[in-house]
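Overview (structure and organization)
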Amino acid sequence: MSFMSRPPDGRPKYLVVNADEGEPGTCKDREIMRHDPHKLIEGCLVAGRAMGACAAYIYIRGEFYNEASNLQISIREAYDAGFLGKNACGSGYAFDIYVHRGAGAYICGEETALIESLEGKQGKPRMKPPFPADVGVFGCPTTVNNVETIAVVPTICRRGGPWFASFGRERNSGTKLFCVSGHVNSPCTVEDEMSVPLKELIEKHAGGVIGGWDNLLAIIPGGSSVPLLPKSVCETVLMDFDALVSVQSGLGTAAVIVMNKQTDVVRAIARLIEFYKHESCGQCTPCREGVGWLSKIMNRFVTGNAKPDEIDMIFELSKQIEGHTICALGDAAAWPVQGLIRHFRPELERRMKEHESKKGAARAS
């Protein structure tokens, strides 16, 4: 947090907590705010004091009504106990926390779009630089961080950095909240150490795949925006940044979406692309136009109403979107398509062949 410079003109510093959590399959931050909001408040106070911030803004997703209510009550309790306000914890340091409810836009999970929304503008990402650390909310230096990250700060302070770093493996240390959903017997949000094997995570905490491990088709390991992994990769892969990058996926939000063999995987990816098409802010041409094209082609892939050449065409289209937008929504829309083609190309070709044979039979009759 030391990267946030002290402005020479006396502008205040702010901490902004991203509690938008709009990524499909992700349900970790809401658990903290619903069941233990005081942990987040304490984390805001510690982190805010460390960076010299005068206030924290918690930007919470509009649909999280109960979570926002619990959080607001907890903040009021903290003020009444003297932990927040002009003399926070009797230290002479003034620190306030405000809750701002968003309107449910996925794009407002991106830090600069969140800041725009917090200021009362349209939630559209800003060009960078300047970065929020220099010019953030209300034109002041701002650190934007996630609920999970801020909430774990007090525990690390109590137990020490070496304790936290003892979990996981080198470069991927610490603990993580994993959200396991989809075709598992016991969907859950669980805290485990980084680098836990994906298979162990599902078998141990989520009661295994519905129909058994052999009935597994694919897993999206980090929320809907990362490429899926087939069963063969899921057997041995570890749940950390480096291991998932090495198999051409990513940890993302650590939201594990399990799909068994009863899933129409092409239709599932097409539905995700439709979501990203709907949530695009329309600011960047590659995203605004390209994701719409992805959605149209993917809807045809579901029925097989396409030609095999179009598989390479849509892959090239996804590459033209990836890395050419202001924020990562373009990447988030491109990667699921790339993962599908990488691992399930034979299934796409089978559907196209089947559709073509049905058309031939219909013409013959």
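You'll find the structure just up there.
An account of the accompanying structure is given in this report.

Thresholds applied
- Starting afresh in each chain, residues are numbered from 1 along the sequence in its written order.
- The predicted nature of this model means local features are confined to residues of pLDDT at least 70 and side-chain atom pairs, given and counted, to a pLDDT of 80 or more, with totals for whole chains, interfaces and linings taken over all residues.
- Hydrogens are left out, water is left out, and the side-chain values use all remaining heavy atoms of the structure.
- Strands are runs of DSSP state E lasting at least 2 residues, helices are runs of H or I lasting at least 4, and numbering of each runs from the N terminus.
- Our radius of gyration is a C-alpha quantity, and the globule rule it is checked against amounts to 2.2 Å times the number of residues to the power 0.38.
- Relative accessibility under 20% of the residue-type maximum defines a buried residue, over 50% an exposed one, and the middle range a partly exposed one, all with a 1.4 Å probe and only protein chains included.
- When checking whether two residues touch, look at their non-hydrogen atoms; a contact exists if any pair is within 4.5 Å.
- All accessible areas in this document rest on Shrake-Rupley with a 1.4 Å probe, and a residue is counted as covered only by the protein chains that are shown.
- At least two bridges found by DSSP between two strands are what make those strands a pair.
- Angles shown run from 0 to 180 degrees and are taken between the N-to-C directions of axes, each axis being a line fitted to C-alpha atoms and, for helices, limited to the stretch in contact.
- Any Lys or Arg side-chain nitrogen located within 4 Å of an Asp or Glu carboxyl oxygen qualifies as a salt bridge.
- Only protein atoms enter the 1 Å grid used here, on which a cavity is any set of points holding a 1.4 Å probe that cannot leave and a pocket is any open set flanked by protein within 12 Å on both sides along at least five of seven lines; residues with an atom within 4 Å of a point are listed as lining.
- Grid points are joined across faces, edges and corners, and a volume is the space filled by probe spheres set on the points.
- Residue polarity follows a fixed list, in which Ala, Val, Leu, Ile, Met, Phe, Trp, Tyr, Cys and Pro are nonpolar, Asp, Glu, Lys and Arg are charged, and the others, Gly among them, are polar.
- As used in this structure description, the phrase polar contact means that two N or O atoms lie within 3.5 Å; if the pair is within protein, one of them must be able to donate a hydrogen and the other to accept it, and residues adjacent in sequence are counted only when both atoms belong to side chains.
- Note on terminology: a nonpolar core comprises buried Ala, Val, Leu, Ile, Met, Phe, Trp, Tyr and Cys residues joined through side-chain atoms within 4.5 Å.
- Pairing of aromatic side chains here covers Phe, Tyr and the six-membered ring of Trp, requires ring centres within 6.5 Å, and sorts the geometry by plane angle: under 30 degrees stacked, over 60 edge-to-face, intermediate tilted.
- Our definition puts a charge over a ring when NZ of Lys or CZ of Arg is within 6 Å of the ring centre and also within 35 degrees of the ring normal.

1. With respect to the overall build of the protein chain
Helix and strand content of the protein chain: 13 helices and 14 strands. For the protein chain, whose C-alpha radius of gyration is 23 Å, the value lies close to the compact-globule estimate of 21 Å for 365 residues. Projected onto the principal axes, the alpha-carbon positions of the protein chain cover approximately 85 × 45 × 35 Å. Per-residue burial over the protein chain gives 51% buried out of 365 residues. Residue pairs at least 24 apart in sequence account for 67% of intrachain contacts in the protein chain once pairs closer than 6 positions are excluded. Accessible surface computed for the protein chain: about 16700 Å², of which carbon and sulfur atoms make up 53%.

2. Here's the deal with the sheet that holds strand E11 (residues 216-220)
Strand order in the open sheet made by the 5 strands is E9-E8-E14-E11-E12, with mixed pairing throughout. The open sheet has two edge strands with one neighbour each: strand E9 (188-193) and strand E12 (229-230). Examined bridge by bridge, strand E8 (residues 175-182) and E9 share 6 bridges and lie antiparallel to one another. Across the sheet, residue Cys 179 finds its bridge partner in E9, namely Thr 189. Together, E8, E9, E11 and strand E14 (255-260) form the strand contacts of helix H7 (residues 198-205), whose direction differs from that of E9 by roughly 130°.

3. Some details on the pattern of salt bridges
In the structure shown here, the tally under the stated rule is 32 salt bridges. Ionic pairing is found between Arg 34 and Glu 67, a salt bridge with its closest N-O pair at 2.8 Å. Taken together, the residues Arg 34 in helix H1 (residues 29-35) and Glu 67 in helix H3 (residues 65-80) connect sequence positions 33 residues apart. Given a relative accessible area of 32%, Arg 34 falls into the partly exposed group. Among the charged side chains, a network of salt bridges with common partners joins Asp 264, Glu 347, Arg 350, Arg 351 and Glu 354.

4. Description of the sheet that holds strand E2 (residues 55-60)
Spatially, 5 strands are ordered E3-E4-E2-E1-E5 in an open sheet, and the strand pairing comes out mixed. Of all strands in the sheet, those with a lone pairing partner are strand E3 (85-88) and strand E5 (142-146), marking the two edges. The mean angle between the axes of side-by-side strands here comes to 25°, regardless of whether they run parallel or antiparallel. When E3 meets strand E4 (residues 93-101), the two strands line up antiparallel, connected through 2 bridges. Bridge pairing links Gly 85 to Phe 95 in E4. Taken strand by strand, H3 contacts E2, E3 and E4, and its axis lies near 160° from that of E4.

5. Describing the layout of surface pockets
Empty space within the largest pocket amounts to approximately 1300 Å³. As for the largest pocket, its lining consists of 48 residues, of which Lys 28, Asp 29, Asn 146, Gly 252 and Thr 253 are closest to the centre. For the lining of the largest pocket, the secondary structure elements donating two or more residues are H1, E5, helix H5 (147-159), helix H6 (161-165), E8, E9 and helix H13 (329-364). Considering each element in turn, the lining of the largest pocket owes the most residues, 6 residues, to H5. Considering only residue class, the lining of the largest pocket consists of 18 nonpolar, 16 polar and 14 charged.

6. Re the side chain of Lys 176
Its location among the elements puts Lys 176 in strand E8. Overall, the relative accessible area of 11% leaves Lys 176 in the buried class. A polar side-chain atom of Lys 176 sits 2.8 Å from a polar atom in the side chain of Glu 148.

7. Some remarks on the nonpolar core
Counting residues in hydrophobic clusters, the biggest one holds 52 residues, and the most contacted among them are Val 265, Tyr 276, Met 298, Phe 301, Ile 314, Leu 340 and Leu 348. The greatest single-element share of this core, amounting to 9 residues, is contributed by H13. Non-local contacts of Leu 348, meaning those with residues more than four positions away in its chain, are made with Val 266, Phe 301, Ile 311, Leu 340 and Ile 341.

8. Let's talk about the packing of aromatic side chains
How two aromatic rings sit relative to each other is given by the distance of their centres and the angle of their planes. On inspection of all chains with the given rule, the structure shows 10 aromatic pairs. With a centroid separation of 5.1 Å and an interplanar angle of 25°, the aromatic rings of Tyr 57 and Tyr 98 are classed as stacked. With a gap of 41 residues between them, Tyr 57 in strand E2 and Tyr 98 in strand E4 connect regions that are remote in the sequence. On the accessibility criterion, Tyr 98 (37% relative accessible area) is partly exposed. Look at Tyr 57 and Phe 138: their rings are 5.8 Å apart centre to centre, the planes differ by 70°, and that puts the pair in the edge-to-face class. One end of the pair, Tyr 57, is in strand E2; the other, Phe 138, is in the loop between helix H4 (111-118) and E5, and 81 residues separate them in sequence. For Tyr 57, a relative accessible area of 16% corresponds to the buried category. Phe 138 gets classed as partly exposed once you look at its relative accessible area, which sits at 41%. Put simply, the rings of Tyr 14, Tyr 57, Tyr 98 and Phe 138 pair up and form one aromatic cluster. We note Arg 49 situated over the ring of Tyr 93; from NZ or CZ to the ring centre the distance is 4.6 Å.

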